[in-house]
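# An overview of the molecular structure
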Amino acid sequence: MKFNDEFDKKYGYNGNLGIIYSKDNCKFILWAPTAKEVQLVLYGNNGYEYNCKPTDIYTMNKGVKGTWEIELSGNFNGYYYNYLVNVNGEINEVVDPYAKAVGVNGNRGMIIDLSITNPNGWENDIKPKLKSATDSIIYEAHIRDLSIDESSGIKDEYKGKFKALTILDSCIPGTNVKTVVNHIKDMGFTHIHLLPAFDYGSVDETKLDQPQFNWGYDPKNYNVPEGSYSTDPYKPETRIREMKQMIQVLHKNGIRVIMDVVYNHTYVTDGSNFNLTVPGYYYRHNPDGTYSDASYCGNETASEREMVRRYIVQSALYWVKEYHIDGFRFDLMGIHDLETMNMLRDSLNRIDPSIFVYGEGWTAGPSPYPQELRAMKTNAPQMPGIAVFNDDVRDAVKGSFKKDENRGFATGKSGLEESVKFGIVAATQHPQIDYSQINYSTSPYALYPSQSINYVSSHDDLCLVDKLIVSLPENTSESDLLRYDKLAQTIIFTSQGIPFMFNGEEVFRSKKLVHNSFESPDSINQINWANKSIYYDLFDYYKKLIALRKKHSAFRMVTTTDIQSNLHFEEHLPENVIAYRLNGKAAGDIWSEIFVAFNGNNSLQEISIPDGNWTIVCLDGKIDEAGISSISGNKINLPRSSAVILKR
C-alpha cells in the first residue's frame, strides 16, 4: 500500500486515541486503517505475566478515518489489555501505541485511573520561575549514573531509581559533602536534562538483580516511564507515581526537568507497536522498499506523515500535561521534518512558552527525506522557537570528536579562534566574525541566542576529561589537565546562549576513555562522588562560574541586537588568544564594563586592555566575584591556558 498524501487525507484522524477511562465505563480507540479486523484482549488484573490466558476478547467496531473502537461498561482500572490486529490475514498482538501504563517489560498495556498516581500536593506543583530562556543552565544526567555508586549516600532500594532524585540531604557517607539533588541544587543549575526515562526495550525489568545498563535510546512505549527506574516494575502505577514524585521534588527545589525524547526511531522495526498496528506506515523507506536508517538504529520514523506527526506532538503534550515536564531534548532532531517541530512549538506555546525545546541538528546517517525540509542545524532559522546543539564551538574548544588526538583551542591548537568566537556570540550574526573560518558552518544559524546550546561534552563521545587525556601527551600532569578543563568550561559558561554540561564534569569525571558507553557497566558510567572531595577546587570553580553567570545579565543577553551592540571583540591579539568587552551597563548588568580574555597558549601572553582601573574577578583558575586583586594601566599578562575576567 502507498502511504502518501492521499492516504493521509483519507485516514488522517484528529480525535482521541488510546483509552478514555472513567469509573463507569472505558472506551478503547485504535487507529489501524489497513486492518481487516481488530479485537480487544483483556487479561484481568494479573495480566502482566506474558503467558497468561486472556479473560475476555471483544471484536471492535469500525469507526471513522481508519479507527476501531469499543466501549465497555464497568470499572476496568488495573486490567491489562492488548489488541489483536488482523492485516492481510496475519494477526498481530500489539501493545496499544497510545498506552499510558504497561506491565513489566512493557509487553501489555494496562487500563489506569491516572488520578490515583498523583503524589500528595500534585495539583499545586508549579514550575520554577524562569524569566528568559537564556537564563537556563542545563545539567545532563542519566538517572542510574547519578546515584548507583556507594559514594552517592542514597539508600540501596533507591539507588539508580526515580526515588533517588527525591532525596534532598544525600551526602558522601560519613561526610557533609553533598551528592545527587543536594549537589545539583547547590551548584545552581536551573534545569536537569534526564536521558531517556520513557519505557525502553534493552533492560529486562524482570532481572534487575543482574548487571544491566543502557542509556535508553531504544524506545518501546513512548508514553510510559521506564520500569527499571521504579522500585517495583511489576506495578504499573508505581513507575508513574515515582516519576511524578521526582519531578515534584525537583520543582520544589528550583530545578526544571527536561525529558530526552527519541521519536526518530524505535528499538525494533518489524516487531514495534507501530509496525504491528499499521505495517510500514510509521517509517521511511528507500526507493527499493527497504527501511531507511538515518538513525543508524535500523529504522527512521516518517514524521512528515499525518499520524506520525500527530503522535509525536500529542505524546510530548501528554508528558507536559500529565507529568509537568518543562522541556524536551530531541535525539537526532535532524531526522524530523520542520513542520512537525514547529507544530509542537506552537502547541507548547499555547500551554507555556517557557517550555524549552532543543535537539541534535543532524542525523547519524543519510535520509531519503529532503534535507531542506528537515530540522537540521542549518535550518534553525526556520524553527525560531527551537534550539540546536552548537557542535562548532564544542569541537573548537576541546578538539574534534572524530579524532582522539585532535586538540582544541583550550589545549593549544591555533586557527580555531573564529569558531570559538562563534560560540561566544551563540551562533548569531556578529560583524566581527569571519564565517568562512567556522568549523562546520558558513553562516550563523541562530536567529536568537536562545537557539544555541553551547557545550564541550555530553553523554555521547569522550567526556571532557577523557578527551583531554587522549589528546595530550602521556606525561601531562593532572594539574595541567585541570587547567585545560577550567579554561574549556569558562568559555562555555561565559558565552552568550545556553550553557549545557554533562553531569560529573565538575568532579573530574572519567569514563575510562570509553567513547560510546551506552551499554557499559556501572563501573564505567557511574559518578564517583568521592571525586568531589578529591577535586573540590574544581567543583568550587564550576559553582562560582555558574553563580557569576546567574548574577550578571551581560553573559546571557536575550537578543542578537543586544549582542551586536554590547559585545566587542578585541583585535590584533596574539595567536590563540581571544578577548572581548561587554557593555554591562547597556545589558542591564550591575557591572558597567566587563573584559574577558582566553589564552589557549601554553605560555604567558601580554595583551592590551582598555586603559583605567579594573578589578580582577577570574585569574589563573580562581574566581572571586568580590575581586582577587586590582589592576590599572592598559596591559595585562594572561597566564598560560587560562581565562581572565575583569570588571569595573
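Residues numbered from 1 in each chain as written. Predicted model: local features only at pLDDT ≥ 70, side-chain atom pairs only at ≥ 80, totals over all residues. Heavy atoms only, no water.

## So, the pattern of salt bridges
- This model, assessed by the stated rule, comprises 36 salt bridges.
- Among the salt bridges present, the one from Asp260 reaches Arg329, with a minimum N-O distance of 3.1 Å. Here Asp260 is found in strand S14 (residues 256–261), whereas its partner Arg329 is found in strand S15 (residues 327–330), with 69 residues between them in sequence. Of the two residues examined, Asp260 and Arg329, each falls in the buried class. (Salt bridge = Lys/Arg side-chain N within 4 Å of Asp/Glu carboxyl O. Helix = DSSP H or I, 4+ residues; strand = E, 2+ residues; numbered from the N terminus. Buried < 20%, exposed > 50% of the residue type's maximum accessible area, 1.4 Å probe, protein only.)

## Details of the pairing of strand S19 (residues 498–502)
- The buried fraction of S19 amounts to 5 of the 5 residues, a majority that puts the element mostly inside the structure.
- In S19, alternate side chains face the same way, and those of Ile498, Phe500 and Phe502 on one face and Pro499 and Met501 on the other are all buried.
- As defined by bridge partners, strand S10 (residues 138–141) adjoins S19 across 3 bridges and the pair is classed as parallel. Considered in S19, the bridge of Glu140 is made with Phe502.
- Examined bridge by bridge, strand S18 (residues 452–454) and S19 share 2 bridges and lie parallel to one another. Its bridge partner being in S19, Asn454 is matched across the sheet by Pro499. (Pairing = 2+ DSSP bridges.)

## Here's the deal with unusual backbone geometry
- Even without being glycine, Phe508 reaches a positive phi, approximately 60°.
- Its place among the elements puts Phe508 in the loop between S19 and helix H12 (522–525).
- A relative accessible area of 7% places Phe508 in the buried class.
- For Asn576, which is not glycine, the phi torsion reads 65° and is therefore positive.

## Considering empty space enclosed by the protein
- Counted according to the given criterion, the structure contains 5 cavities of 30 Å³ or more.
- Roughly 50 Å³ of internal volume is contained in the largest cavity.
- Surrounding the largest cavity, Lys398, Ser400, Phe401, Asp461, Leu462, Lys467 and His515 form its lining.
- Tallied by class, the residues present in the lining of the largest cavity amount to 2 nonpolar, 2 polar and 3 charged. (1 Å grid on protein atoms, 1.4 Å probe; cavity = no way out; pocket = protein on both sides within 12 Å on 5 of 7 lines; lining within 4 Å. Points joined across faces, edges and corners; volume = space filled by probe spheres on them. Nonpolar A, V, L, I, M, F, W, Y, C, P; charged D, E, K, R; others polar.)

## Looking at the environment of Ile645
- Structurally, the position occupied by Ile645 is in strand S26 (residues 642–647).
- Along the chain, Ile645 and Ser565 lie 80 residues apart, while their C-alpha atoms are 20 Å from each other.
- Residues in contact with Ile645, not counting those within four places in the same chain, are Thr494, Leu548, Ile594, Phe595, Val596, Thr615, Ile616, Val617 and Cys618. (Contact = heavy atoms within 4.5 Å.)

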